[in-house]
Amino acid sequence: MNILILGGGGREHALAWAVLQNPKCDRLIVAPGNAGIDMIAECADFDIEDGEAVVGFAVEESVDFVIIGPEAPLAAGVSDALAAAGILVFGPSAAAARLEASKAFTKEICDACGAPTAAWARFTDADAARAYVEAQGAPIVIKADGLAAGKGVVVAETLEQALAAIDDILGGAFGAAGAEVVIEEFMAGEEASFFVLSDGETVLPIGTAQDHKRIGDGDTGPNTGGMGAYSPAPILSDEVAERALAQIVRPTIAEMARRGTPYRGVLYAGLMIENGEPRLVEYNARFGDPECQVLMMRLGGQALDLMLACAEGRLAEMAVNWADDHAMTVVMAAKGYPGSYAKGSVIGGLDRLREDSHHMVFHAGTKAVGGTIRANGGRVLNVTARGATLAEAHARAYGMIDRIDWPEGVYRRDIGWRAL
Ligand code: AMP
Ligand code: GLY
C-alpha cells in the first residue's frame, strides 16, 4: 500500500523507519520530512494543516493510508477531511483531538467519567482567577487552555509567579490559546507517559515511557520539548498501568464515544504517580516526541499493522508482540536551545555509524546542503538504541553520540538516571 506520513521531526522519522519494515508498505511519502527522512522515503512539500491540500495530494498520489504525526493538523481537522474523502487515516477527528487542544475540555471529561486528576477551575476574568489563586495558595499550576507548543504551563512555586502567569496568559501572551486560563492543584509524584491505541471502543496499550523535560543534567534548567526518553517506564508497573486503564483511559474513551465523538488514534496519557496511584496530568492526541522514537524502536514493523487496525476499527483482534527489551533516545540539540540558537552548523560522522534494529539516529531538525547534513532546528538528532537492559540501550546510545562530530551540539549525559 501507499502510505503518507504528515510531519517532519524525529517522531515522523521513527514512524517512517518502523512503517518501512513492514512488507505491506510499497511506497512511503513523508510531508514535509527532513534530511534524515529523505534518506529512507520520498519527501513532499505542501501545507499539512490544510485538509483540502492533504486530500488533494493523497488522491493525486493514490495514497491508501495517512498517518498524522503532530497535533496541529489534528486540531485543524485534517483527519476529518481525509475521512470525508474516504481515505483511511490514523489520527483522531478535531472533536476528539480536543483532549489535547483544550485543557478545560479534558478536565470536563475527567469530571464526567470520574477519572482521578488535579482539582481545577477555569477563568476568562483575571480578577476572578487572581482571587482563586490567592485563596488556594502556592504551589499551584497555571495553564493556557489551548495549544501553546508546550509553553503554556507554569508550575508556580510562589503566589507572585502564579499571578504573573495569569496576567501573561489572559493578557494575550499565547493569543487565542490563552483566552481562558485553567488553574490546577499541584500534584506531587513521579511522571510517566502511557500510550494506548483506541479505535473508538477497544483500548490497546502499546507502551510506556519517561522523558526528561529539562535542558540540563540532573533535571535542571529551563523546560524543553524533551531531551531524551526511555521505554519501558519502571514506575508504570503492570499494576499501575492496569489502574490507569481502569480508572482513567477506558472511562475517557467510553465518555468520548457516549458524546458522539469517539476517539480513534493514539492517546498519550501523561500521568502523575504517587504511592502507586496514577492521576491524569494531561492527554495528547498523538505520539510524544521523543517518546515515539523509543516506542517505534521497540515495536518495529508491527507498528503499521497496529495503526491500520486502529484506523479500520479492528483493534479487538490485535495483540502487541512484546519483546522483553528496553530502548533509549538521547536528544542532541543546538547550543542555546530552548532559547535562541544558530542554524546551519555541519554535523559529521553520521555516515560512519552502524544503523540497524538496535541503533538508529532519527533526525529531528536537519537539512542536507550539498553533501553535508546541517542543523536546522532546536532539537536536531535523536540518537536511539535498544538493548536487553536499559543499561545496554544507554551504553549503545552514548556510544553512538561519542562518534558524532558536532561541536555545536549539546545533549544530556544522564538520560534514564531514575531507572538506571
Ligand atoms: P502539561 O502540558 O499539562 O503536560 O504540563 C506540562 C508539565 O507541567 C507536566 O509535564 C508536568 O510536569 C507539569 N504539570 C502540569 N500540571 C501539573 C499539576 N497539576 N501538578 C504538577 N505538575 C503539573
Ligand atoms: N515529549 C513531550 C511531548 O511530545 O509532548
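Here we summarise the structure given alongside this text.

About the thresholds
Residues numbered from 1 in each chain as written. Chains lettered and ligands numbered in written order. Predicted model: local features only at pLDDT ≥ 70, side-chain atom pairs only at ≥ 80, totals over all residues. Heavy atoms only, no water. Axes fitted to C-alpha atoms, helices over the stretch in contact; angles between N-to-C directions. Helix = DSSP H or I, 4+ residues; strand = E, 2+ residues; numbered from the N terminus. Parallel < 35°, antiparallel > 145°, perpendicular 65-115°, else oblique. Contact = heavy atoms within 4.5 Å. Nonpolar A, V, L, I, M, F, W, Y, C, P; charged D, E, K, R; others polar. Phe/Tyr/Trp six-rings, centres within 6.5 Å; stacked < 30°, edge-to-face > 60°. Buried < 20%, exposed > 50% of the residue type's maximum accessible area, 1.4 Å probe, protein only. Pairing = 2+ DSSP bridges. Near = heavy atom within 4 Å. Polar contact = N/O pair within 3.5 Å; in protein donor to acceptor, adjacent residues only side chain to side chain. Areas by Shrake-Rupley, 256 points an atom, 1.4 Å probe, with all protein chains shown as cover. Salt bridge = Lys/Arg side-chain N within 4 Å of Asp/Glu carboxyl O.

**Focus: the packing of helix α1 (residues 10–20) against helix α11 (residues 291–299)**
Here comes step 1: Running from N to C, α1 and α11 point in directions that differ by 10°, and their axes come no closer than 8 Å. The angle between the axes of α1 and α11 places the two elements in the roughly parallel class. Taken together, the residues of α11 that come into contact with α1 (itself represented by G10, R11, A14, L15, W17 and A18) are C292, Q293, M296 and M297.
Here comes step 2: When the residues that make up the contact of α1 with α11 are grouped by side-chain class, the tally is 7 nonpolar, 2 polar and 1 charged.

**Here we look at the packing of aromatic side chains**
Here comes step 1: Under the definition given, this model contains 8 aromatic pairs.
Here comes step 2: Seen in terms of ring centroids, Y398 and Y411 are 6.4 Å apart; in terms of plane orientation they differ by 45°. Their pairing is tilted. Linking Y398 in helix α13 (residues 390–402) with Y411 in the segment after β23 (409–410), this pair joins segments that are 13 residues apart in sequence.
Here comes step 3: You can call Y411 partly exposed: its relative accessible area is 27%.
Here comes step 4: Here a set of aromatic residues connected by ring pairs shows up, and it is made of F90, F195, Y268 and F287.

**Details of the sheet that holds strand β4 (residues 65–68)**
Here comes step 1: Here we have 5 strands laid out as an open sheet, ordered β3-β2-β1-β4-β5, and parallel in their pairing. The open sheet has two edge strands with one neighbour each: β3 (42–43) and β5 (88–90).
Here comes step 2: Of the pairings in the sheet, the one linking strand β1 (residues 2–7) to strand β2 (residues 27–32) comprises 6 bridges and is parallel in character. When the bridges of β2 are listed, I5 appears paired with V30.
Here comes step 3: With respect to the sheet, helix α12 (residues 302–311) is in contact with β1, β4 and β5, its orientation differing from that of β5 by roughly 115°.

**Focus on the site of ligand 2**
Here comes step 1: With respect to spatial proximity, the complete set of residues near ligand 2 consists of D211, G225, Y268, N284, R286, G288, D289, P290 and E291.
Here comes step 2: Here an oxygen atom of ligand 2 sits 2.9 Å away from a polar atom, N or O, in the main chain of D289.
Here comes step 3: Between E291 and ligand 2, the recorded distance is 2.9 Å, taken from a side-chain N or O atom to a nitrogen atom.
Here comes step 4: Against a free-state accessible area of 200 Å², the protein chains account for coverage of 86% of ligand 2.
Here comes step 5: Looking at the shell around ligand 2 residue by residue, the class counts come to 2 nonpolar, 3 polar and 4 charged.

**Quick word on the pattern of salt bridges**
Here comes step 1: Here the structure, examined in full by the defined rule, presents 28 salt bridges.
Here comes step 2: Across the salt bridge formed by E282 and K103, the nearest N and O atoms sit 3.7 Å from each other. Here K103 lies in helix α7 (residues 103–113) and E282 lies in strand β16 (residues 277–284), a separation of 179 residues in the sequence.
Here comes step 3: In this structure K103 comes out as buried when scored by relative accessible area, which is 16%.

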